[in-house]
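One-letter residues, chain by chain:
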There are 2 protein chains.
Amino acid sequence: MAENVSGALRRYLPVLSWGRQYRRDQAVGDLVAALIVTIMLVPQSLAYALLAGLPAEMGLYASILPILLYAIFGTSRALAVGPVAVVSLMTAAAAGRIAATGTPDYILAALTLAFLSGLMLMALGFLRLGFLANFLSHPVIAGFITASGVLIATSQLKHILGIAAEGHTLVEMVSSLAAHLGNTNPHTLIIGLAATAFLFWVRKGARPLLLALGLTPRLADILAKAGPVAAVMVSVLAAWLFDLGAKGVAVVGTVPQGLPPLTLPSFSLDLWGSIAGSALLISVIGFVESVSVAQTLAARKRQRIDPDQELIGLGAANLGAAFTGGYPVTGGFARSVVNFDAGAETPAAGAYTAVGLAVASLLLTPLLYHLPKATLAATIIVAVLSLVDLSILKRSWVYSKADFTAVLATILLTLGFGVETGVTAGVLISILIHLYKTSRPHMAVVGQVPGTQHYRNVLRHEVITDPRILTVRVDESLYFANARFLEDALFDMVAERPAIQHVILMCPAVNAIDMSALESIEAINERLASGGILLHLSEVKGPVMDRLKRADFLQHLTGKVFLSQHQAVMELGGETMKA
Amino acid sequence: MAENVSGALRRYLPVLSWGRQYRRDQAVGDLVAALIVTIMLVPQSLAYALLAGLPAEMGLYASILPILLYAIFGTSRALAVGPVAVVSLMTAAAAGRIAATGTPDYILAALTLAFLSGLMLMALGFLRLGFLANFLSHPVIAGFITASGVLIATSQLKHILGIAAEGHTLVEMVSSLAAHLGNTNPHTLIIGLAATAFLFWVRKGARPLLLALGLTPRLADILAKAGPVAAVMVSVLAAWLFDLGAKGVAVVGTVPQGLPPLTLPSFSLDLWGSIAGSALLISVIGFVESVSVAQTLAARKRQRIDPDQELIGLGAANLGAAFTGGYPVTGGFARSVVNFDAGAETPAAGAYTAVGLAVASLLLTPLLYHLPKATLAATIIVAVLSLVDLSILKRSWVYSKADFTAVLATILLTLGFGVETGVTAGVLISILIHLYKTSRPHMAVVGQVPGTQHYRNVLRHEVITDPRILTVRVDESLYFANARFLEDALFDMVAERPAIQHVILMCPAVNAIDMSALESIEAINERLASGGILLHLSEVKGPVMDRLKRADFLQHLTGKVFLSQHQAVMELGGETMKA
């Protein structure tokens, strides 16, 4: 009993495993990583809150308690949890349907999204339903992330231009931008363009320059990561010196000073009903993004993560966000990679980062009053454009038109109808494509490869066939969606070959036969019999055979079931094949 | 050019094929069949209109022009088109959401359902999308028809009892019946019970009795089919003699005398929007029912039907119904079988039936004034109870729990939430079950069957294995839903076998590898390589190999691709296996 309790505790509280053996060298690595990540996260958290349409401080709050909770419940040692771009955009889309951006109801909707998302993730984790995320195929995720990157970058152009614009789809955004273009604020535009240019340069150019200046690689790394902080400091200084706020440059304004407040999500069932779908999408997308980052990083150190426990970790983080003024969070790609590269050894790095951010929100917030929103927008644009990867279109085109269709549809639908429609449609389209493909299975007439016991497609290999025997290999499990196709295709083949006396259905690739398909095979058996043709099966897999034995089909089968195709041809072919 | 036109004409107008060679003996068969079917259809058409909540004459109208149009465009020689029980119930459910039963708006909704259904069927036919109907699996159809039979029979009990009751689900109906049970009209009940008992008896007992009385088998058949007509005549007579209308027995009342009127469906896009989903379900269910009847009958005479042309035939019939005071129609099981058994040779039998029904609606309608609705309800109950077949539950339970789940869910959801929810959920559930099963593929470790080149599951056969080689046969196509499962399962197997140097993925059952799965295999390849283990593939199918060659995966593959598993083991196993 005590064993069970401690086993369950260790499973649901991974902190018990790594926490007991926490070593001094690990602590040093964790502290350095935390410092770097904190420097990176301050501007990023503010920026993503802006993207989500929320007060800047909510971005900071969403990075404090959630990180701590993930450190306790999560299984990845390097994952950094907090606001991320795509989830921020999805939060804006969902809360925007409930209330006007920035209103108390809008904020309440964001808190409630985090709460519902936390509950859903927890539930999926306890029910061990993490595999459901597999229904998001790689091409759909790639297309969705790329399209989201384009949407997010476009959504930030209004801050760069200093104009009002809105919309959740590309067309809405672009036409709204075009309509307000005349109101562009030149001061804002200068700051926005300068910050964007600087940040793009800093990504690639800063490190080599710093190394050339004689800094150690480690220090050069840290300073390069601090690029966004430098942009923030310079633009705050510029805005203060030149009093840009008075010249129409939108600034962040008063950010409350202090630790995250205690907040409550809404418990209105009406609100829950109208945002539950969005919360589910946010949960699934957040989970998929987080798990793929976590698995990539874990593989590099030969560690394993447990997807079901990850659901619990992320669920706890989101519940934490809901009660401390945050909004939906997940494991972010950029921050996790930085954390990993900076030497984070255990989830304690996350805890230290949380402390760093708490200090920042206690002490630094007054300095952010003059921070131009254009600078934050530049941070976002530079960050998300790295998500845009159109090469998936080319790769999928080359590999498979079906995958290409799913990618292209996901990209176009996300751009054209917003994130929620895009990702939902992407999942449905990839399922439909899969069903369509399996509903028209590849069927090959096969013959014997001379001198072997192998039977291969007559169209691809030089093989021997017997005019009295038609062997058809069906390259698909047989189920309701292709049962009728099998009937039609088989009768067409038989009709073309009047000399046929035996039809062998070769089943090495038939992994299942459901009831609909069984009824179709029974119909085939009956119709062939009426034409004097016997139906045989060969190479039926064990599990399929077990199932066939449960029905009375084998009693009606006019022919036999052969263990191997070669046995079938030897017995039925008589002298022809042996010669 | 002229060839093409005449080919297209012959394809879209099957009447051109059989009409030219119409022979005298065929005409005799058709006329006799038409007479029998007409006798059967008069009460049935009235009854189904009652079930649909429509005026009785609409049932007759729905059987006249639609039959003629199907005779021109349809490909089945025996199918009899008109109102059927399940589609009538679905019409009632859909129109009932738009307006109160029997109101002009309700009737307009029924006409519009026929119109939209006609357009949809036509569109599916011209786009050659008949295969979509395959997504309705046999178990789902069986469960749906059975549950619909129960719902329909229950819905008619109010007419037998002579009370008012309503509802679209079993619980609603039963509780509504229970609430009004006190108002049961004894005269109605006597007529209803007597008619039901008589009709049940007539199905089995009439023919032997008539034969015993010395009638020819042919005449006995015809008279037995006329059972419902006899019930109608006797109850009309009884109602008239005893003035039952005045005693609270609900009668059909005034039925307009004349040919079908010209009617127009609604062209309101609002209405279209609210019933389009229902129209689609009615179309698909009607098509599936009709095609399965048509194929069954065609097979008996070695004829073929063309499912895509059937869509056009049924589409034309429904458009005809919409413009001549009918409601959605399809090929009915009972009437088609009667038509076939009575000797119908060509679709002309349908045309003659249409003439017979036109005569009936011109001349006989005044006689129907006193017809008790209880008699019609009895006709329906007896007809639909033959649809109820709970044996599907037992058969599917024995064969496959997945199919059983789909059947049971369809039955329960149809009874509990009505026909539309039931059939939609049935389709979704069978798709989800299929996805779930393929997302956890069967994977077998295989070894060599001694003395052969065959490799079989180590758990099922006495086979030879090499401790340095792990061969895993994956019994499923690899795609996004099972890509991660493959990774996890394979690493678990490798972890249990420390001596392994080679992993062979044996792919005779892998019919496709999509991009998500390819990325997983690449990850497996990379991770095995880091442990010093080579990954090989064997028995990769031609189409799968073609696809793999398009990606750069084969350049990264640490091992080889072998044509056969035996070659792989010979080459990798060295002396061990040859010994």
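Our subject in this report is the structure included herewith. (Residues numbered from 1 in each chain as written. Chains lettered and ligands numbered in written order. Predicted model: local features only at pLDDT ≥ 70, side-chain atom pairs only at ≥ 80, totals over all residues.)

1. Examining the packing of helix α5 (residues 65-73) of chain B against helix α16 (residues 348-363) of chain B
Residues and elements named next belong to chain B. Between α5 and α16, the least distance of the axes is 8 Å, while the angle of their chain directions is 165°. On the basis of the axis angle, α5 is roughly antiparallel to α16. Crossing handedness for the pair α5 and α16: left-handed. Between α5, through Ile67, Leu68, Tyr70 and Ala71, and α16, the contact on the second element is made entirely by Ala348, Gly350, Ala351, Thr353 and Ala354. Partitioned by chemical class, the residues of the contact of α5 with α16 number 7 nonpolar, 2 polar and no charged. (Axes fitted to C-alpha atoms, helices over the stretch in contact; angles between N-to-C directions. Helix = DSSP H or I, 4+ residues; strand = E, 2+ residues; numbered from the N terminus. Parallel < 35°, antiparallel > 145°, perpendicular 65-115°, else oblique. Left-handed = near helix turned anticlockwise from the far one by under 90°. Contact = placed C-beta atoms within 7 Å. Nonpolar A, V, L, I, M, F, W, Y, C, P; charged D, E, K, R; others polar.)

2. Quick word on the sheet that holds strand β3 (residues 443-448) of chain B
Working definition: the strands of a sheet are paired by backbone hydrogen bonds and lie parallel or antiparallel to each other. Residues and elements named next belong to chain B. With mixed pairing, 6 strands are arranged side by side in an open sheet as β4-β3-β5-β6-β7-β8. Two strands in the sheet have a free side with no partner beyond their single neighbour: β4 (455-457) and β8 (561-562). Two strands pair when backbone bridges link them, and strand β7 (residues 534-538) and β8 are joined in this way by 2 bridges, in the parallel orientation. The partner of Leu537 across the bridge, within β8, is Val561. Each of β3, β5 (469-474) and β6 (502-506) is contacted by helix α21 (residues 480-495), which is oriented at about 150° to β5, the strand it contacts most. Strand contacts of helix α25 (residues 565-573): β3, β4, β5, β6, β7 and β8, with the helix running at about 165° to β5, the strand carrying the most contacts. (Pairing = 2+ DSSP bridges.)

3. Regarding the sheet that holds strand β5 (residues 469-474) of chain A
All names here are of chain A. Across the sheet, 6 strands lie side by side as β4-β3-β5-β6-β7-β8; this open sheet has mixed pairing. Every other strand in the sheet has two partners, leaving β4 (455-457) and β8 (561-562) as the edge strands with one partner each. Set on the sheet, helix α21 (residues 480-495) makes contact with β3 (443-448), β5 and β6 (502-506); between it and β5 the angle comes to about 150°. Where helix α25 (residues 565-573) meets the sheet, its contacts fall on β3, β4, β5, β6, β7 (534-538) and β8, and the angle it forms with β5 comes to roughly 165°.

4. Here's the deal with the relation of the copies chain B and chain A
In screw terms, the move from chain B to chain A is a rotation of 180° and a rise of 0.0 Å along the axis, fitting with an RMSD of 0.1 Å. Here the transformation between the copies is reduced to the relation of a two-fold axis. The position closest to the rotation axis in chain B is occupied by the C-alpha of Ala509(B), lying 1.9 Å away. The fraction of interface residues of chain B whose copies in chain A are also interface residues reaches 100%, indicating that both copies meet through the same surface. (Least-squares fit on C-alpha atoms with pLDDT ≥ 70 in both.)

5. Quick word on unusual backbone geometry
Although it is not a glycine, Asp243(A) sits at a positive phi angle of roughly 50°. Within the secondary structure, Asp243(A) is located in the loop between α12 (227-241) and α13 (269-300). The backbone of Arg128(B) sits at a positive phi, close to 55°, despite the residue not being glycine. Examined against the element boundaries, Arg128(B) turns out to sit in the loop between α7 (104-126) and α8 (138-161). The class of Arg128(B) is exposed, set by 12 C-beta atoms lying within 10 Å. (Buried ≥ 20, exposed ≤ 12 C-beta atoms within 10 Å, placed from the backbone.)

6. Topic: the pairing of β6(B)
Residues and elements named next belong to chain B. Of all 5 residues that make up β6, 5 are buried, and the element is covered over most of its length. Here β6 shows no split at all, with His502, Ile504 and Met506 on one side and Val503 and Leu505 on the other all buried. Two elements, β5 and β6, share 5 bridges in a ladder whose sense is parallel. If you follow Arg473 over to β6, its bridge partner there is Met506. In this view, the connection linking β5 to its parallel neighbour β6 by way of α21 has right-handed handedness. Both β6 and β7 contribute to a ladder of 5 bridges, which runs parallel. In the sheet register, Leu505 faces β7, and the bridge partner there is Leu537. (Right-handed = clockwise from strand over helix to strand, strands pointing away.)

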